[in-house]
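Remarks on the overall topology
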Amino acid sequence: SSRNINVFCDDINSDGLIEIPVVKAMPKSRVIIEGSTQPQGQSIIEWIRFEDDEIKSICHRIINSKSNYEIQIPTDLVSKVTVSNNHKNNIITFYELIDEKNGEYSTGELLFSLYYLDSHSDIRIPSEYRFLKETARGEIYYRIHHTANEYGIDKTALSKMIIK
């Protein structure tokens, strides 16, 4: 398979079993690096394993390699969200993903944004962002739009989504 990120088999949920990563493109997603939008969009990794001769989906994650953390998307949200990942500004923004039922998708309302601040940075956090979680190399701040409530997304849910 062709991948735009390096990811290898791993025991992703620490249950003693090895999971297999399946890298997919998120519909209607964007990755912005130094002002240019990348054509491949944002990848999402579905971690699977074989159980009783069947494929079992374990979880879905987005790797934010520049900021060195992962976002685990709840299973019920995977087909309902897309992202704009701005590497230059360290902001990943989640939007509703609208299935137009004809094989096409569109981007809906803004749901929430995550802002990563490197521990060595002297950048001032925008006032609309609130502290969410500390990581090994920095801090993550969040901003929730009112639409997120419809999806059960609040500060607690966002904190649980951040891995590493």
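This text follows the structure it describes.
Rules of the game
Residues numbered from 1 in each chain as written. Predicted model: local features only at pLDDT ≥ 70, side-chain atom pairs only at ≥ 80, totals over all residues. Heavy atoms only, no water. Phe/Tyr/Trp six-rings, centres within 6.5 Å; stacked < 30°, edge-to-face > 60°. Helix = DSSP H or I, 4+ residues; strand = E, 2+ residues; numbered from the N terminus. Buried < 20%, exposed > 50% of the residue type's maximum accessible area, 1.4 Å probe, protein only. Polar contact = N/O pair within 3.5 Å; in protein donor to acceptor, adjacent residues only side chain to side chain. Contact = heavy atoms within 4.5 Å. Pairing = 2+ DSSP bridges.

So, about the packing of aromatic side chains. Summed over all chains, the structure comprises four aromatic pairs. Aromatic pair F94 and F112: ring centres 4.4 Å apart, planes at 15 degrees, arrangement stacked. Pair noted here: F94 is in strand β8 (residues 91-99) and F112 is in strand β9 (residues 105-118), with a separation of 18 residues, a long-range link. For F94, a relative accessible area of 1% corresponds to the buried category. Residue F112 is classed as buried on the basis of its relative accessible area, which comes to 1%.

Below, the discussion takes up the side chain of T82. Along the chain, T82 falls in strand β7 (residues 81-86). Separated by 2.5 Å, the side chain of T82 and the backbone oxygen of P27 make a polar contact. From its side chain, T82 meets the backbone nitrogen of S29 in a polar contact 3.2 Å long. Non-local contacts of T82, meaning those with residues more than four positions away in its chain, are made with M26, P27, K28, S29, T93, F94, Y95, E96, L97 and T107.

Bringing the sheet that holds strand β12 (residues 162-163) into the picture now. Pairing is antiparallel across the open sheet formed by five strands, whose spatial order is β1-β4-β5-β6-β12. For this open sheet the edge positions go to β1 (20-25) and β12, each flanked by a neighbour on one side alone. Note that strand β4 (residues 43-51) and strand β5 (residues 54-64) share seven bridges and pair antiparallel. Looking at the pairing, R49 lines up with K56 of β5.

Counting buried residues in β7 gives six out of six residues, a clear majority hidden from the surface. The alternating pattern of β7 places V81, V83 and N85 on one face and T82, S84 and N86 on the opposite face, and all of these are buried. Two elements, strand β2 (residues 30-33) and β7, share three bridges in a ladder whose sense is parallel. The residue bridging I32 from the neighbouring strand is N86, located in β7. Where β7 meets β8, six bridges bridge the pair, whose relative direction is antiparallel. By the bridge assignment, T82 is partnered in β8 with Y95. Taking the residues between adjacent antiparallel strands as the criterion, β7 and β8 are bridged by four residues, where N90 takes a positive phi near 60 degrees.

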